[in-house]
Amino acid sequence: MHWHILGAGAIGLLWADKLIRSGHQVTLILRNQDKLDQYSGEFSITDDGQETRHKVDAQLASEAEPVSNLLITTKSFASTAAFNSVKSRTSDSTRVLLLHNGMGPQQQLVEENPTLEVWAGSTTDGAYFSAPFILIRAGKGETRIGRLSQQGSEQLFNELNCDQNPLLLETDIISVLWRKLAINCAINPLTALFNCRNGELLKYDDRRAAMAQICKEVEQVASALNITLFDCKLMEQAWNIAELTGQNHSSMQQDVSQGRPTEIETITGYLCQEAERMGINVPANQMTLDAIRSISL
Ligand SMILES: NC(=O)C1=CN([C@@H]2O[C@H](COP(=O)(O)OP(=O)(O)OC[C@H]3O[C@@H](n4cnc5c(N)ncnc54)[C@H](OP(=O)(O)O)[C@@H]3O)[C@@H](O)[C@H]2O)C=CC1
Ligand SMILES: CC(C)(CO)C(=O)C(=O)O
């Protein structure tokens, strides 16, 4: 299959590698001419110390070539605009897979494009750049995908899932996105506000108390929406993840400390929006949302 990747960042290029290895054709859609000029025509990925180079075509959204299979791997706040930049190149048979954290844009894409086949996913893979287009694969995680639109079948999953790109098929992807959202609500804003590593949230009473209050509110909203989170309390799950990733800086802590826009609006912002819709007070989440808004772009 021919896949266009919109959002040639860490996750986008990680997927470019997986798709190429599993026999798909890949084209990158880069943000602007500057980015296209910067691109030499190849990118590299280092996995377990082993570097692989891939020569891959790149183009701008303004190209005319039709898009049949679109993987969107921008940050959550950029995905709607990114999709709209290539919308005229899609047709009713185009299949879209969104792979970003946070919630809101995925459902918006389905609502605004009722004829499209739309999938969403959540991943615990990790990757980062050591230089532009030089990717380092960090943790090998799990990637779950599921169909959000009425249209479509399991065919897309069957085409993508293979040894080079092992995936899990989810019939209730909304709940999967919620579980990731819940963990991100509990960890990301607090690490950004306290400017600390994930594990350092657990060392102080005030941080643990804030985390516990956030978790309690998230559970109330999820329960009102009939979303099942975890077998254990969210605080226990978030604690385990903060401990397991103790030495890591969360994505939001990194975004704030490097002066980049954060994904707060699609994480805590989405939670607060859903809470309001359900008539539930979420003061701790609202406070972290306001605080992150005041210190980030
Ligand atoms: N990196 C990781 O290890 C993990 C990331 N995630 C999630 O995956 C998502 C992607 O993260 P990540 O890959 O790290 O982010 P990056 O910032 O590395 O990649 C996003 C890419 O999208 C590009 N982009 C933004 N807008 C457009 C547009 N309109 N047209 C074309 N390209 C565009 C950016 O371009 P430019 O470079 O020009 O800004 C950038 O290359 C996020 O939601 C993140 O939370 C989840 C798990 C792990
Ligand atoms: C789970 C966690 C908090 C790991 O750092 C994460 O997903 C992130 O940083 O965005």
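Reading guide: rules and limits
Residues numbered from 1 in each chain as written. Chains lettered and ligands numbered in written order. Predicted model: local features only at pLDDT ≥ 70, side-chain atom pairs only at ≥ 80, totals over all residues. Heavy atoms only, no water. Domains from an automatic or database assignment. Contact = heavy atoms within 4.5 Å. Buried area = accessible area lost by both parts, 1.4 Å probe. 1 Å grid on protein atoms, 1.4 Å probe; cavity = no way out; pocket = protein on both sides within 12 Å on 5 of 7 lines; lining within 4 Å. Points joined across faces, edges and corners; volume = space filled by probe spheres on them. Helix = DSSP H or I, 4+ residues; strand = E, 2+ residues; numbered from the N terminus. Nonpolar A, V, L, I, M, F, W, Y, C, P; charged D, E, K, R; others polar. Near = heavy atom within 4 Å. Polar contact = N/O pair within 3.5 Å; in protein donor to acceptor, adjacent residues only side chain to side chain. Areas by Shrake-Rupley, 256 points an atom, 1.4 Å probe, with all protein chains shown as cover.

1. Describing the domain arrangement of the protein chain
Step number 1: The assigned domain composition of the protein chain is domain 1 (2-171) and domain 2 (175-296).
Step number 2: For domain 1 and domain 2, the distance between their C-alpha centroids amounts to 26 Å.
Step number 3: Counting residues at the interface gives 16 residues for domain 1, matched by 13 residues for domain 2.
Step number 4: Both faces combined, the contact of domain 1 with domain 2 buries some 1,300 Å², and carbon together with sulfur accounts for 62% of it.

2. Quick look at the layout of surface pockets
Step number 1: Considered as a void within the structure, the second largest pocket measures approximately 160 Å³ in volume.
Step number 2: Forming the boundary of the second largest pocket are M103, G104, Q107, Q108, E111, E265, T266, Y270, Q273, E274 and R277.
Step number 3: Put simply, the parts of the chain that give the lining of the second largest pocket at least two residues each are α4 (105-112) and α10 (268-278).
Step number 4: If you tally residues by element for the lining of the second largest pocket, the top one is α10, at four residues.
Step number 5: Across the lining of the second largest pocket, the residue classes tally to two nonpolar, five polar and four charged.
Step number 6: Taken together, domain 1 (2-171) and domain 2 (175-296) each give at least three residues to the lining of the second largest pocket, which thus spans both.

3. Brief notes about the site of ligand 2
Step number 1: Close to ligand 2 lie N101, K180, N184, I187, N188, N198, I241, S250 and S251.
Step number 2: Within the side chain of N184, a nitrogen or oxygen atom sits 3.1 Å from an oxygen atom of ligand 2.
Step number 3: Relative to its unbound accessible surface of 280 Å², ligand 2 loses 83% to contact with the protein.
Step number 4: With four residues, the single largest contributor to the shell around ligand 2 is helix α6 (residues 173-193).
Step number 5: Residues belonging to the shell around ligand 2 are distributed by class as follows: two nonpolar, six polar and one charged.

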